[in-house]
Amino acid sequence: MDINILWLIVAFGSGAFGAAIGPQTAFIFTGFAYLFGLGGLIATGADNAAAGQFIATVAFGPVFGPHIAWAGGAAGTAYAAKKGYIESGRMVDLPLAGIAKMDVLIVAGVFGMGGYLFERVLHLIPSFATNDGTVIGWTDTVAFTVVLSHVLARVLFGVKSRKVFGPFPNGRPLVLDDGSHWVEHQEKWSLSAGHGFFSGLVFAFAAVWLIVTFPNNAEIQGRAFLIGWAVSALTLIFLSCGLKTPVTHHMTIIAALAAVIMMRIQLQGGGSIGAATPTQMVIAVLFGAVFGAISGLVGELLSRLMNARGDTHIDPPALAIFSLTTLLFAVQSLAM
């Protein structure tokens, strides 16, 4: 674990800026930053440390890191609702600059700093490893930090309830018949699974194509699974504009990660990733799509338990991402 004091200071500004422009908008910029950096990696065709550092610093560091800008902004939204400045702590698409309250930005900045620090601390937890000693990680530490930041914001700033789960006014946690919703136009179980499978199919392929096409680029090998997540983040632009766009970043990232892991499992006996056969790629892509569907269902399940009825936002995609990433890392460790 290492703590960069400059990054910590900048994280305060990032959390405040995320609140000012709106947490969801800050998250959208994360997707832009990743795709910009990926373009740099692809353009060079070889390891490009500068492009990799851009992704690490701008997309996942103190500029637009979700655990900093998005989580800090969401905490600012919860605080603004508690103070009565806005109607609900779940209005994460709302730019808080419009309410002209400095205390909201300061709270968001403090949560931004907390997000940076806590994500660093999570790296002290022992990671999964393969039989040859390759360290995999133990979860998506950024997603896990987002969840914990959102939980803390609810405990501190919840208005009607500070409970992490519920409340369940009808006594049936999984039945949304009380007017509560997260993303209403995709909340049917079949739709959640369908969106996950279809979008997962596309971006499991995109990730597999990247690692097969650029077998000697370590940066792409390590970051290819994020391509669908970034595109899904950009689609939230349309959701912010009021169009009924699906929320899929938890589906596409898990589908792509599962596909990449399946490729590595299939090739563990030898053979270059660049020489993967069409059959191996088909198996990996379909495996990824199935996990995309699972992630869609897990996201909807956790929304109904922790977010749909709450008065602050606890992010269902982040919940699904960290839980299923942990599962996939464990599978990879056992299989390799």
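Being a predicted model, the structure only gives us computed values, none of them experimental.

Q: Any chance you could break down the overall build of the protein chain for me, citing the residues and the numbers?
A: When helices and strands are counted, the protein chain shows 12 helices and 2 strands. Each helix (α) and strand (β) of the protein chain, taken in turn from the N terminus, gives the series α-α-α-α-α-β-β-α-α-α-α-α-α-α. A globule of 336 residues ought to have a C-alpha radius of gyration of about 20 Å, and the protein chain, at 20 Å, matches this closely. Looking at the protein chain residue by residue over its 336 residues, the buried ones come to 56%. Within the protein chain, counting contacts between residues at least 6 apart in sequence, those at least 24 apart form 75% of the total. Accessible area of the protein chain: about 13,700 Å², with a carbon and sulfur share of 69%. Averaging the locations of the 16 positively and 16 negatively charged side chains of the protein chain gives two centres separated by 9 Å.

Q: Kindly report on the layout of surface pockets, identifying the contributing residues and their values.
A: Within this model, the largest pocket holds a volume of roughly 1,200 Å³. Forming the walls of the largest pocket are 45 residues, and the residues nearest its centre are T139, D140, T141, V142 and F225. Counting residues per element, the ones that place at least two in the lining of the largest pocket are α4 (66-82), α5 (102-122), β2 (135-137), α6 (141-157), α8 (218-223), α10 (249-266) and α12 (316-335). The class makeup of the residues in the lining of the largest pocket is 24 nonpolar, 14 polar and 7 charged. In terms of residues, the lining of the second largest pocket owes the most to one element, helix α9 (residues 227-240), which gives 3 residues. Its residues placed into classes, the lining of the second largest pocket shows 11 nonpolar, 10 polar and 4 charged.

Q: So, the packing of aromatic side chains: which residues are in play, and what are the values?
A: In the structure shown here, the tally under the stated rule is 15 aromatic pairs. Ring centres of W7 and Y116 lie 6.4 Å apart, and the angle between their planes is 55°; on these two criteria the pair is classed as tilted. One end of the pair, W7, is in helix α1 (residues 5-21); the other, Y116, is in helix α5, with 109 residues separating them in the sequence. Using a relative accessible area of 25% as the deciding quantity, one classes W7 as partly exposed. Judged by centre distance (6.4 Å) and plane angle (45°), the ring pair of F17 and F64 falls under tilted. Taken together, the residues F17 in helix α1 and F64 in the loop between α3 (49-59) and α4 connect sequence positions 47 residues apart.

Q: Let's hear about helix α7 (residues 189-213): which residues, and what values?
A: Helix length check: α7 (25 residues) gives 35 Å between terminal C-alpha atoms against 36 Å at 1.5 Å per residue, within 8%. By the largest-angle criterion, G200 marks the main kink of α7, which is about 30°.

Q: Run through a nonpolar patch on the surface, naming residues and quoting values.
A: Together, F29, F32, I237, F238 and L243 make up a nonpolar patch on the protein surface, roughly 440 Å² of accessible area in all. Among the secondary structure elements, those contributing two or more residues to the nonpolar patch are α2 (23-44) and α9. If you trace the backbone, F29 turns up in helix α2.

Q: Could you give an account of the environment of L243, naming the residues involved and the relevant values?
A: Counting through the fold element by element, L243 comes out in the loop between α9 and α10. Linking L243 and A49, residues 194 residues apart in sequence, is a C-alpha distance of 38 Å.

Q: Describe in detail a positive patch on the surface, supporting the description with residues and values.
A: A cluster of basic side chains, namely K82, K83, K101 and R162, defines a positive patch on the protein surface. With respect to the helices and strands, the residue K83 is situated in the loop between α4 and α5.

Q: Tell me about the pattern of salt bridges, and please be specific about residues and values.
A: Tallied over the entire structure, the rule returns 6 salt bridges. Residue R223 is joined to E219 by a salt bridge in which the shortest nitrogen-to-oxygen separation is 2.9 Å. Pair noted here: R223 and E219 are both in helix α8, with a separation of 4 residues, about one helical turn. The buried category is assigned to R223, whose relative accessible area is 19%. For the salt bridge of E300 with R304, the shortest nitrogen-to-oxygen distance reads 2.8 Å. Pair noted here: E300 and R304 are both in helix α11 (residues 278-306), with a separation of 4 residues, about one helical turn. Among the residues examined, E300 registers a relative accessible area of 2% and is labelled buried. Residues joined in a network through salt bridges with shared partners are D2, E119 and R120.

Q: Hey, could you go over the nonpolar core for me, with residue numbers and the actual values?
A: In terms of nonpolar packing, the biggest core is built from 75 residues, with Y34, V208, W229 and M263 touching the most fellow members. For this core, the element with the most residues is α10, which contributes 11 residues. Sequence-distant contacts of V208, defined by excluding residues within four places in its chain, comprise A259, M263, M281, A284 and V285. If you look at the next biggest cluster of nonpolar residues, it comprises 15 residues, including A78, Y79, A81 and I86.

About the criteria used
Residues numbered from 1 in each chain as written. Predicted model: local features only at pLDDT ≥ 70, side-chain atom pairs only at ≥ 80, totals over all residues. Heavy atoms only, no water. Helix = DSSP H or I, 4+ residues; strand = E, 2+ residues; numbered from the N terminus. Rg over C-alpha atoms; globule rule 2.2 N^0.38 Å. Buried < 20%, exposed > 50% of the residue type's maximum accessible area, 1.4 Å probe, protein only. Contact = heavy atoms within 4.5 Å. Areas by Shrake-Rupley, 256 points an atom, 1.4 Å probe, with all protein chains shown as cover. Lys, Arg positive; Asp, Glu negative; His and termini not counted. Charge placed at Lys NZ, Arg CZ, Asp CG, Glu CD. 1 Å grid on protein atoms, 1.4 Å probe; cavity = no way out; pocket = protein on both sides within 12 Å on 5 of 7 lines; lining within 4 Å. Points joined across faces, edges and corners; volume = space filled by probe spheres on them. Nonpolar A, V, L, I, M, F, W, Y, C, P; charged D, E, K, R; others polar. Phe/Tyr/Trp six-rings, centres within 6.5 Å; stacked < 30°, edge-to-face > 60°. Expected span 1.5 Å × (residues − 1). Bend = angle between axes of the 7 residues up to and from the residue. Patch = residues over 30% accessible without salt bridge, like charges linked within 9 Å, V, L, I, M, F, W, Y side chains within 5 Å. Salt bridge = Lys/Arg side-chain N within 4 Å of Asp/Glu carboxyl O. Core = buried A, V, L, I, M, F, W, Y, C linked by side-chain atoms within 4.5 Å.

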